[in-house]
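# Remarks on the overall topology
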Amino acid sequence: EKGGFPHYMLKEIYEQPWVLENTLGGRLREEEGDVELGLGLDPMAIDRIHVIACGTAAYAGWYGKYLLEALARIPTEWDVASEYRYRDPVVDERTLAIAISQSGETIDTLEGLREAKRKGARTLGVINAKGSSITREVEDVLYIHAGPEIGVASTKAYMAMLAAMAMLAVHFGRRRGILSKEEAQRLLKEMRKLPRLVEEVLEKRPLIAHLAEKYHQAQDFLFLGRHVQAPTAYEGALKLKEISYIHAEAYPAGEMKHGPIALIDEHLPVVVLATKGPLYEKTLSNIQEVRARGGKVIAIATEGDMEIGKLAQDVFHVPEVHPLLAPMVSVVPLQLLAYEIAVLLGRDVDQPRNLAKSVTVE
Ligand code: M6R
């Protein structure tokens, strides 16, 4: 049932091009520059959004915040659900609470959603599991259609959540008159390319296996990224922690000099998301800061970027795509890196210690 793969996690990583096809499916309307999501919700009836989720789903929510604010100009807050439910959030009937969950059963996410509802919020679920608890408590569901995910470390569901949040942002941006038809068309065209681009990344797995070989004995890892690539950095660190048990931390790259830079020495591999985009130059300065202190930089860079090789010890190139969509191609090498390292260390990839696939207790 693993389709010839040694682990579910690897099978699910390889399913991602197909998953993207499925999530985007018949929803993109390139001609009109719109997305058809079949939601009952009126995008004009909301003034703010609260995204509620846990773990990997929360990082997809953080990514969603950047897009909802950039493309639809809706003020968006993002919280892990276990904080949200107890922080007495300011909610009114023009607040949209979005619960993101693969299983649809995560108790903190469900309770966070209930808290928002009690306070009068409108509700939307971005969910994988059909008919799950959360889907029964929201007004609208946007299914991500990733298919069943067995590996405890979430991979394909994350990919599908990113795509769903991007579609939602385009949809809201168009309906609220913020996003022009041309800009939406450009984004949708780029989204259509994603399955093929992710396929291209997967073909380069041997390069990741080589990096894993080189770095699997490290005690700690640092992951850095900015803007939409900050959540990617956090997701990369979480994947590594979960299945290899190597300590990994993530930071928005600009925060490094406010403390974590003290950690850097010649033993610390630092994975930097350095794809092309408005903050590329800033990210290069962050790489220089790491290098100047002897850190080992593994850069995830855009195809054709040859400059970066002068600064980073190792470079993994991902295909060029709209900067707001770069996380979809960039998270794949991080998933593979965590996987290859865990296998080299002899870990139980599909059933990592202390973890459950769905967390239905507090
Ligand atoms: O089913 P959910 O998406 O609500 O699960 C949320 C988290 O428990 C989940 O993403 C967890 O962090 C995974 N183990 C990440 O790989």
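Structural notes, computed from the coordinates. (Residues numbered from 1 in each chain as written. Predicted model: local features only at pLDDT ≥ 70, side-chain atom pairs only at ≥ 80, totals over all residues. Heavy atoms only, no water.)

## A few points about the nonpolar core
Rules: Grouping buried Ala, Val, Leu, Ile, Met, Phe, Trp, Tyr and Cys residues that are joined through side-chain atoms within 4.5 Å yields what is termed a nonpolar core. For every residue, the accessible area (1.4 Å probe, protein chains only) is compared with the maximum for its type, and the residue is labelled buried under 20%, exposed over 50%, or partly exposed between those bounds. Under the DSSP-based scheme used, a helix requires at least four consecutive residues in state H or I and a strand at least two consecutive residues in state E, with every element numbered from the N terminus. Residues are treated as being in contact if the distance between any of their heavy atoms lies within 4.5 Å.
The biggest cluster of nonpolar side chains holds 99 residues, and the ones touching the most others in it are Ile98, Phe172, Phe221 and Phe223. At 15 residues, the largest contribution of residues to this core is made by helix H6 (residues 156-175). When sequence neighbours within four positions are dropped, the list of residues in contact with Ile98 reads Ile49, His50, Val51, Ile52, Leu68, Leu124, Val126, Met165 and Leu168. Counting residues in each nonpolar core, the second largest holds 20 residues, with Val297, Ile308, Leu311 and Ala312 among its members.

## Section: the site of the ligand
Counted only if it meets this: We call a residue near a given molecule or strand whenever any one of its heavy atoms falls within 4 Å of it. Pairing of N or O atoms within 3.5 Å defines a polar contact, subject to two protein rules: one partner must be a possible hydrogen donor and the other a possible acceptor, and residues neighboring in sequence count only if both atoms are side-chain atoms. Throughout this entry, Asp, Glu, Lys and Arg are counted as charged residues, while Ala, Val, Leu, Ile, Met, Phe, Trp, Tyr, Cys and Pro are counted as nonpolar. The remaining residues, Gly among them, count as polar.
Near the ligand there are 13 residues, and of these Ser101, Gln102, Ser103, Thr106 and Glu242 occur at the shortest range. In the environment of the ligand, an oxygen atom lies 2.9 Å from a nitrogen or oxygen atom belonging to the backbone of Ser154. One of the side-chain nitrogen or oxygen atoms of Lys239 is found 3.0 Å away from an oxygen atom of the ligand. Listing elements by their share of the shell around the ligand, those giving two or more residues are helix H3 (55-72) and helix H9 (229-244). Counting residues per element, the shell around the ligand draws most heavily on H3, which supplies three residues. Taken together, the residues of the shell around the ligand break down into four nonpolar, seven polar and two charged.

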